[in-house]
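# Coordinate inspection notes
The primary structure of each chain is shown beneath.
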Amino acid sequence: MLVDFVVTDKSDRVVGGLKAQDFVVKEDGKERPIVSFAAFSKASAAAPAAAEATVDEVPAATPLTAGGVTTVLFVDDAQLKPQEAARLVPALKKLVDVIAEQKGVLALVAPGSNIQLADEASGNRAVYGAAIDRIVGHQLDDRSPYPVSDVEAILGEMGDTSIVERVAARFVYLNRGLLKYDMALIAARGRITEVAAAARARRGYAYEVLLKSLDFLAGKPGRRSVVMVSGGYASDKDDVKQRELVNRSLQINAPIHFLDARGLQGMSRYLGVEYRSAIEHDAIEPPGSFSEAAAGASGLADDTGGLYVRNTNDMVKGLTRIVDMSGTYYILGYEPPEHTKRGFRKIKVEVATKGLKVHSRRGYFDETATPR
């Protein structure tokens, strides 16, 4: 079993120069011997390391060539607001420059803006720059007198009566024509169904693009990853497609990183001038709504060993952090134990040095177990 991972320090800088003896790998909580190890580093890593790959005790049959760096940049413009897309332009162009310096291959996908490019970034910066200038966000703020967030809609549709009551109370405050609370409840349930369907449709479209991106990466050598730039999507217990996506990412060792394009977390939209005078406290969004709105996307990054960059307006720094993970990383190999039942196996890579953090996939789905 090969596991590739990245190590960062307290300042979120990528750390190179570590050896096999610095790590411990566990499957389902039990330590397994490391039988192969390779380190790939570049000059910008926090610790000194050779420019070429260094390999410790790697069996000849283990395919550990450095190859190149292939990145799919998925700009989820269906879940980006116009102002968010405009703010991203300098950061996306900087990302092209960084990948070009790494002599990497970049696939740029922005479906709503009709953009699909795949080529070596070096020598094609102008082409990518022109494409990035055409990216437009397609998600508009809900300015209707019946506002419902995606999180509220999904939870309400799954039977959370407290959410339905909260939304109904909001409708009463914003629509004085709703003289009866029963009328507001009917309006709330209808609006919740409508918003939940639209949220799931946007998420499903993003999944299609991500699965095609992973298929594209499957045949590429070296370090592979997907960078999803989006406003994110809410988690949904009825979401069966995410497991397929995670499993595919784990199969080809291609993490999915997530850059939250919403920027710095602000106050609830219902505390602003537009709504505050009309809405009482029991009708505003509860604490944690900002993070919950992207919990599905952040969970996808966590499950695949990707980086989740959030709560920042410095998009250049956020994307640079992600790309740095493509240039300095480690691959270790271990022999998994025999399993008698199919299922998910947890993997945990630990580093001995205090203050360092390992970013790796959480495990793999074992579909080949046979009874003893």
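This text goes with the structure placed above it.
Parameters and conventions
- Residues numbered from 1 in each chain as written.
- Predicted model: local features only at pLDDT ≥ 70, side-chain atom pairs only at ≥ 80, totals over all residues.
- Heavy atoms only, no water.
- Salt bridge = Lys/Arg side-chain N within 4 Å of Asp/Glu carboxyl O.
- Helix = DSSP H or I, 4+ residues; strand = E, 2+ residues; numbered from the N terminus.
- Buried < 20%, exposed > 50% of the residue type's maximum accessible area, 1.4 Å probe, protein only.
- Pairing = 2+ DSSP bridges.
- Axes fitted to C-alpha atoms, helices over the stretch in contact; angles between N-to-C directions.
- Parallel < 35°, antiparallel > 145°, perpendicular 65-115°, else oblique.
- Left-handed = near helix turned anticlockwise from the far one by under 90°.
- Contact = heavy atoms within 4.5 Å.
- Phe/Tyr/Trp six-rings, centres within 6.5 Å; stacked < 30°, edge-to-face > 60°.
- Lys NZ or Arg CZ within 6 Å of the ring centre and 35° of its normal.
- Polar contact = N/O pair within 3.5 Å; in protein donor to acceptor, adjacent residues only side chain to side chain.

## A word on the pattern of salt bridges
- Evaluated as defined, the whole model comprises 21 salt bridges.
- Here Arg200 and Glu157 are joined by a salt bridge, their closest N and O atoms 2.2 Å apart. Taken as a pair, Arg200 in helix H5 (residues 181-218) and Glu157 in helix H3 (residues 150-157) lie far apart in primary sequence, 43 residues in all.
- Judged by relative accessible area, Arg200 falls into the partly exposed class, the value being 23%.
- With a shortest N-O distance of 3.9 Å, Asp239 and Arg203 are connected by a salt bridge. On the criterion of sequence distance, the pair formed by Asp239 in the loop between strand S9 (223-230) and helix H6 (241-252) and Arg203 in helix H5 is long-range, its members being 36 residues apart.

## A few points about unusual backbone geometry
- With phi around 60°, Asn114 is a residue other than glycine that occupies positive phi space.
- Mapped onto the secondary structure, Asn114 falls in the loop between strand S7 (105-110) and strand S8 (115-120).
- For Asn114, a relative accessible area of 68% translates into the label exposed.
- Not every positive phi belongs to a glycine, and Asn253 is a case in point at roughly 55°.
- Along the polypeptide, Asn253 turns up in the loop between H6 and strand S10 (256-260).

## Notes on the pairing of strand S12 (residues 329-334)
- Of all 6 residues in S12, 6 are buried, a share of seventy percent or more.
- Here S12 shows two buried faces, one formed by Tyr329, Ile331 and Gly333 and the other by Tyr330, Leu332 and Tyr334.
- In this structure, strand S1 (residues 2-8) lies alongside S12, joined through 4 bridges in antiparallel fashion. By the bridge assignment for S12, Asp4 is matched with Ile331.
- As defined by bridge partners, strand S4 (residues 34-40) adjoins S12 across 6 bridges and the pair is classed as antiparallel. By the bridge assignment, Ala38 is partnered in S12 with Ile331.

## Considerations on the packing of H6 against helix H9 (residues 295-304)
- Running from N to C, H6 and H9 point in directions that differ by 30°, and their axes come no closer than 9 Å. On the basis of their axis angle, the class for H6 and H9 is roughly parallel. Between H6 and H9 the crossing geometry is right-handed. Note on element contacts: H9 touches H6 through Gly296, Gly299, Leu300, Asp303 and Thr304, opposite Gln242, Leu245, Val246, Ser249 and Leu250.

## Topic: the sheet that holds strand S3 (residues 30-32)
- If you walk across this open sheet you meet the 4 strands as S3-S2-S13-S15, and the pairing is antiparallel. Across the chains shown, the open sheet's two edge strands, defined by having one partner strand only, are S3 and strand S15 (363-366). Averaged over all pairs of adjacent strands, the angle between their axes in this sheet comes to 30°, without regard to strand direction.
- Strand direction decides the pairing type here: strand S13 (residues 343-351) and S15, joined by 4 bridges, are antiparallel. Among the inter-strand pairings, Gly343 is bridged to a residue of S15, identified as Asp366.
- Taken strand by strand, H6 contacts S13 and S15, and its axis lies near 105° from that of S15.

## A few points about the packing of aromatic side chains
- All chains considered together, the criterion is met by 9 aromatic pairs.
- Here Phe258 and Tyr308 contribute two aromatic rings whose centre-to-centre distance is 5.3 Å and whose plane-to-plane angle is 10°, an arrangement assigned as stacked. Placement of Phe258 in strand S10 and of Tyr308 in strand S11 (residues 308-309) is noted, with a sequence separation of 50 residues between them. For the pair shown, Phe258 and Tyr308 are each scored as buried.
- An aromatic cluster is built from Phe5, Phe23, Phe37 and Tyr330, whose rings are joined through pairwise contacts.
- Positioned above the aromatic ring of Tyr329 is the side chain of Arg223, whose terminal nitrogen or guanidinium carbon lies 4.7 Å from the ring centre.
- The lysine or arginine in question, Arg262, covers the ring of Phe290, its NZ or CZ lying 3.8 Å from the ring centre.

## Considering the environment of Ser144
- Among the structural elements, Ser144 can be located in the loop between helix H2 (125-133) and H3.
- Distance in space between the C-alpha atoms of Ser144 and Leu174 is 9.7 Å, their sequence separation being 30 residues.
- Within polar-contact distance, the side chain of Ser144 engages the side chain of Asp142 at 2.8 Å.

## Observations concerning the sheet that holds S9
- Reading across from one edge, S8-S7-S6-S9-S10-S11 is the order of the 6 strands in this open sheet, with mixed pairing throughout. Among the strands making up the open sheet, the edge pair consists of S8 and S11.
- Note that S9 and S10 share 5 bridges and pair parallel. The residue bridging Val226 from the neighbouring strand is Ile256, located in S10.

## Remarks on the packing of H3 against H5
- Where H3 contacts H5, the two axes come as close as 8 Å, and the packing angle between them is 110°. The angle between H3 and H5 falls in the class roughly perpendicular. Of the two elements, H3 crosses H5, and the hand of that crossing is left-handed. Facing Asp150, Ala153, Ile154, Gly156 and Glu157 of H3, the residues of H5 in contact are Ile192, Thr193, Val195, Ala196, Ala199, Arg200 and Arg202.

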